[in-house]
Amino acid sequence: MSSFASARLKLTAWYLLIIMAISSAFSLVIYTILTSELDRLSAVQRIRIERQFRTPYYIDPDLVSDVKDRLIVILFGVNCVILITSGLLGYLLAGQTLHPIEVALEDQNRFIADASHELRTPLTALKTEVEVALRDPHLNLIEAKKYLSSSLEEIDKLKNLTNNLLSLSRAKSHDKLPFTSVDLQSLVTDLCKLSPRLENQVSPLTLQTHPETIRELLSIFIDNALKYSPASKKVYIESSQHSKSVEIKVRDQGPGIKSADINLIFNRFYRADSSRTKTSTNGFGLGLAIAKNLADSIGGKIHVRSQQNYGSTFSVILSKKSPSS
Ligand code: ADP
């Protein structure tokens, strides 16, 4: 039995225990009150009849005990009905209570498995390189340097992956971020210093947002646009204003994304074209998952437009109003 099935049964048993303890206590109280009322009623009735007719009068004790027995049977029946209905309802309720925890735990387990798998690839390569170098009795300095620089590449991959994993967990935290006035044009001018291929076409605009988050988010879009489009092509950073929102776009002239992949690229560790991306570009499929969490943390929405062979535009749509106003 899975741990959730047994947790569900345990929770149901606890619900039942509490409900039956309350119901049994009530039944006991009802039984005690009713039987003592019955005894008092029969005593009063006996005194009244004796006074009125001046003859000794006895209420059939079997009749009284019969009424008490029937009371026990009725209360027992009521408790059985409560037991069955609250058992069924409790089981349903326990399932509903545990479902979000089950989903979160499955998600976490999948994440750990994926992360371990990603960590294992560079670690295995690193181990093989070191072993080959150690086993070679005629290793000269030039060959040793070749092995070392190749190992350094794998170490860099590991460092990038752990940095990405840390960013992902940070971006997922639900702490409220402090918003300030951000001059979008100068923030993008700063980002454009990263590469001469970047063109700032953002119009002058001040936004209430969290500057580090928007910077990190745009950096991911920019990084991908530079990575996936030919080195000769420019990448444009643009903005457009709507009545209640602002859209900041990163447009490239790269290969575009297949429509079947568009919804999947935000999944952790998803790389749209594994043969291409795993070899020629370094990435772990975490960038867009981080970007989505970052956008959520500042109340933004990510939008993708892409046409194969023409390019892609990744944008974030932010509300003009700050969340507190
Ligand atoms: P990665 O580290 O692989 O870049 P991301 O989560 O940033 O991971 O992106 C997921 C996938 O989406 C990439 O592997 C790539 O196939 C696709 N992708 C993202 N941005 C672009 C882009 N600008 N042009 C084409 N494909 C892209």
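Above this text you will find the structure in question.
A quick note: this is a predicted structure, and the numbers were derived from the prediction, not measured. (Residues numbered from 1 in each chain as written. Predicted model: local features only at pLDDT ≥ 70, side-chain atom pairs only at ≥ 80, totals over all residues. Heavy atoms only, no water.)

S.K.: Give me the lowdown on the overall build of the chain, citing residues and values where you can.
M.R.: The helix and strand tally for the chain stands at eight helices and seven strands. Relative to the globule expectation of 20 Å for 325 residues, the C-alpha radius of gyration of the chain, 36 Å, shows a markedly less compact shape. For the chain, the C-alpha atoms occupy an extent of roughly 125 × 65 × 35 Å along the three principal directions. Taken over 325 residues, the chain has a buried fraction of 31%. Sequence-distant contacts, at least 24 apart, represent 72% of the contacts inside the chain between residues at least 6 apart. Taking the average place of the 39 positive charges on the side chains of the chain and the average place of its 32 negative ones, the gap between the two points comes to 5 Å. (Helix = DSSP H or I, 4+ residues; strand = E, 2+ residues; numbered from the N terminus. Rg over C-alpha atoms; globule rule 2.2 N^0.38 Å. Buried < 20%, exposed > 50% of the residue type's maximum accessible area, 1.4 Å probe, protein only. Contact = heavy atoms within 4.5 Å. Lys, Arg positive; Asp, Glu negative; His and termini not counted. Charge placed at Lys NZ, Arg CZ, Asp CG, Glu CD.)

S.K.: Now, about the layout of surface pockets: what can you tell me, with residues and values included?
M.R.: In this structure, the largest pocket occupies an estimated 960 Å³ of space. In terms of lining, the largest pocket is formed by 39 residues, of which the most central are Asp 223, Asn 224, Lys 227, Tyr 228 and Gly 287. Of all the elements in the fold, those that place two or more residues in the lining of the largest pocket are α3 (141-172), α5 (211-228), α7 (274-280), α8 (287-297) and β7 (311-319). Here the element with the most residues in the lining of the largest pocket is α5; it accounts for eight residues. Its residues assigned to classes, the lining of the largest pocket shows 14 nonpolar, 15 polar and ten charged. (1 Å grid on protein atoms, 1.4 Å probe; cavity = no way out; pocket = protein on both sides within 12 Å on 5 of 7 lines; lining within 4 Å. Points joined across faces, edges and corners; volume = space filled by probe spheres on them. Nonpolar A, V, L, I, M, F, W, Y, C, P; charged D, E, K, R; others polar.)

The values are spatial; any link to function lies outside them.
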